[in-house]
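# Fold and geometry: a report
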Amino acid sequence: MSKRFNLTTIINVNSVDIIKKSESTRLANKKAICFLGKEKRMNIMKRMNVKRKLFTYIVIWSVFLSSLLLYSPEANVLSASGVPEITMNSPDEGAVFNVSTVELTGKISSESTTPDLLTIKVFEQLPGDSEQPKEMTLDGKLSITPKEKDADFSYSGKFSEGAHTLTFFVTDKDGVSNSVDQSFTVRTTVTERNKVTQSAAPYETVDPSKPSTKEEDTSQSAASTPGTIQTSIEENGNRPYMAKMYLIPKGSEKLYDPRDKKSDWTKEHLLPAEDMTRIPVGYQILIDIRSDESLSKTQPLITFFGEQGKDGEKGKEQLVNTLDISNGIKSFVYTFTPEKKLSHRTTYYVYLNPNIANDSGKIIPRFLKFTTVSPNHQDEEDLSTDPEMKIADIPDHKRSLDFNIHGNYSNVTNACQYCHSTHNGKNESLEGGTFGNEENLCMSCHDGTTGTKIGPKVVENSETLKTNQHNQNSSSSCTSCHNPHTQGTLENPNSFKPVSTTDSHIRTYKKASTAEGKVGEFSLCLSCHRGNAVEKGDKPASDINQYYSDPVHIKDSLHNIKATEDSGSVLKGQLPCAECHETHGSNNIKMLREELGNVQLKAEDKFKTTGSTWTDSDERKFCISCHNGSTNIYGKTGKLSEKDAATGDTISGHQKEDKQGCSFCHGGTSKSAREAAHAPKRTTP
């Protein structure tokens, strides 16, 4: 929108100045005439009166004609540097929203007024109302963020169904204003969601878009059995979902074609985001969202990007491609480019916005993390003729060698001395190199000083780490899972060890993006958690393997889930370990996550335990963190029914005032919290 003001005002102001100058000239001439004869003076005065009247008539008629010709200030504008500027950033003009709450953003600036002194007012011309527009400023939430030369603003509010046109006015300290219009349409009508009642065999849940007779029969059977507790599961086949997330070199987004299912995108430098390590610091994020309708433009795609426990980093989101996939489903390909270059040896967390929606509902929340490459490399000289090339920025699969400390140690022998000393080793492994041989040798680097930060040093933080169960067993160490002598690859970026000395398959730790729920996909955890001691004399690790391998446990487990198609997951088995646990420890007992449900939570909403003893109160809070009627994972929303679905009787243990642990009813024959969490059972009183 150009800077402007009314031309009539200009002419009126100039006319006043001209008349004032004419009057001063007339007085000066009058004094000069006094020295002439009477008859001459009279003739001169008459001529001057005629000229003065003629000039006055011309000015008046000019003002009158200009008022008629320039009646509409919108039709004729002139530029003026003193007028504040206002532009809209989002949404696009004429955008259509499927939610009633709409957010509009823009930018304001002025050459004569600092950004903090600019004010904004919002008006709407209501349909059929010929009077003055209604001021909407206080009806919504207006925020202004001043910067050095301009200010960003946002205005959000609830709007009724139909078309809307808002006018934003910016005013500077002198009262000079400018405006811009923004039109959009709200269409909140949504399709009715399918509600499927979970049967006695929840793992057999069928895709709601293809209902089966078997599902209907089992539901009726369950409902007719007195005392059976039913859990209502909301499912929907048309919500938007995240199909893929990649980390890519800047400018390579057009290489990705979601319709091509055969290409190996890693050959195009596209790296999988989930738990990937050694990511080059110049990369950006590519996100493939699938939906049968356009997505809401008032919501950011990513709500948090950055390091855990710190303020999120800013970035620019851009829709770079929209392609038809099949059956009316479209792929919306976005990029997220951080404002600042990624930092070396840093773990980044990415949270999808759970409010992204289309007409059918909101997206299934997702959370991913990845780690950037370390800047510490050996023998970089002589390996590149390009002086601008940085080894850290070359993708792993494009390097001839892995120049991280855990790389090709046979070719980079001086890396060995960091951990080993040939003549001064303190044990059979000759540990005692540059970083010594303390019990947390790995933490000498991986406390963030040299390598990627994994956690604090155990010897210095034993009190705060007392809830980390991996620190309580003397045989548990980093090398229980990782092989420091194995270089990271695309297939094994975290340098995991083989399953066993007789099985060369690399241990896996699959999560929401890739897990199907099979026992072998969680071999990283189940290699130890199978009820036997890692070393003689050690306390046996808990037997979790049975809940993932025993057919009886799997059949009766309420955590045996078939993900809906619109969840973006292929899960059709037991929940992945990572849904509840943090591998390297947390602030909770049993290494349980604080942010359950894959959404970023406020501090007061996070799951927290106190002390090192598991209590019934901890158990209830833990279970209700997901079984609350709102948390959605894999397309399923768990609910805690207070009354029996068949009899209408109050269910003991499901009332807010109840204090007993969930395992009392759902812990199977063992009545243990372990069984209730990994393979909860359906109960009948």
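Residues numbered from 1 in each chain as written. Predicted model: local features only at pLDDT ≥ 70, side-chain atom pairs only at ≥ 80, totals over all residues. Heavy atoms only, no water.

### Details of the packing of aromatic side chains
Counted under the stated rule, the structure contains 17 aromatic pairs. Measuring from ring centre to ring centre gives 6.2 Å for Tyr 155 and Phe 168, while their planes differ by 80 degrees; the resulting arrangement is edge-to-face. Taken together, the positions of Tyr 155 in strand β7 (residues 150-158) and Phe 168 in strand β8 (residues 162-171) put the pair 13 residues apart, joining distant regions of the chain. Across the pair, exposure class does not vary: Tyr 155 and Phe 168 are buried alike. Between Tyr 348 and Phe 370 the ring centres are 5.6 Å apart and the planes differ by 20 degrees, which places this aromatic pair in the stacked class. Placement of Tyr 348 in strand β18 (residues 347-352) and of Phe 370 in strand β21 (residues 367-371) is noted, with a sequence separation of 22 residues between them. Following the ring pairs from residue to residue traces out a cluster consisting of Phe 304, Tyr 349, Tyr 351 and Phe 367. Directly above the ring of Phe 664 sits Lys 671, whose terminal nitrogen or CZ lies 5.1 Å from the centroid. (Phe/Tyr/Trp six-rings, centres within 6.5 Å; stacked < 30°, edge-to-face > 60°. Helix = DSSP H or I, 4+ residues; strand = E, 2+ residues; numbered from the N terminus. Buried < 20%, exposed > 50% of the residue type's maximum accessible area, 1.4 Å probe, protein only. Lys NZ or Arg CZ within 6 Å of the ring centre and 35° of its normal.)

### Section: the sheet that holds β7
Within the open sheet, the four strands sit side by side as β1-β3-β7-β6. Their pairing is antiparallel. One side of each edge strand has no neighbouring strand; the edge strands of this open sheet are β1 (85-90) and β6 (141-146). Recorded for the sheet is a direction-independent mean angle of 25 degrees between the axes of neighbouring strands. (Pairing = 2+ DSSP bridges. Axes fitted to C-alpha atoms, helices over the stretch in contact; angles between N-to-C directions.)

### Examining the side chain of Asn 598
The topology assignment puts Asn 598 in the loop between β23 (572-574) and α7 (616-624). For Asn 598, the side chain forms a polar contact with the side chain of Glu 579, separated by 3.3 Å. Looking at Asn 598, its side chain comes within polar contact range of the side chain of Arg 593, at 3.5 Å. (Polar contact = N/O pair within 3.5 Å; in protein donor to acceptor, adjacent residues only side chain to side chain.)

### Structural notes on the state of the cysteines
Considering all chains together, one arrives at zero disulfides under this definition. Residue Cys 528 stays outside any disulfide, its sulfur separated by 6.2 Å from that of Cys 481, the closest cysteine. (Disulfide = S-S within 2.5 Å.)

### Examining the side chain of Lys 681
Looking at where Lys 681 falls in the secondary structure, it is placed in the segment after α9 (673-678). Since its relative accessible area comes to 11%, Lys 681 is described here as buried. At a separation of 3.4 Å, a polar atom in the side chain of Lys 681 contacts the side chain of His 553. Residue contacts for Lys 681: discarding those within four places in its chain leaves His 553, Asp 556, Leu 558, Cys 665, His 666, Gly 668 and Glu 675. (Contact = heavy atoms within 4.5 Å.)

### Describing empty space enclosed by the protein
Scanning the entire structure with this criterion turns up one cavity of 30 Å³ or more. In this model, the largest cavity occupies a volume close to 60 Å³. Class assignment for the residues of the lining of the largest cavity results in five nonpolar, three polar and two charged. (1 Å grid on protein atoms, 1.4 Å probe; cavity = no way out; pocket = protein on both sides within 12 Å on 5 of 7 lines; lining within 4 Å. Points joined across faces, edges and corners; volume = space filled by probe spheres on them. Nonpolar A, V, L, I, M, F, W, Y, C, P; charged D, E, K, R; others polar.)

### What to know about the sheet that holds strand β5 (residues 134-135)
Overall, mixed pairing links the five strands, which are arranged β2-β9-β8-β4-β5 in an open sheet. Since the sheet does not close on itself, it has two edges, and those belong to β2 (95-97) and β5, each with one partner. As paired strands, strand β4 (residues 119-124) and β8 are joined by six bridges and run antiparallel to one another. Along β8, the bridge assignment pairs Thr 119 with Thr 171.

Remember that the coordinates give geometry; whether it matters functionally is a separate question.
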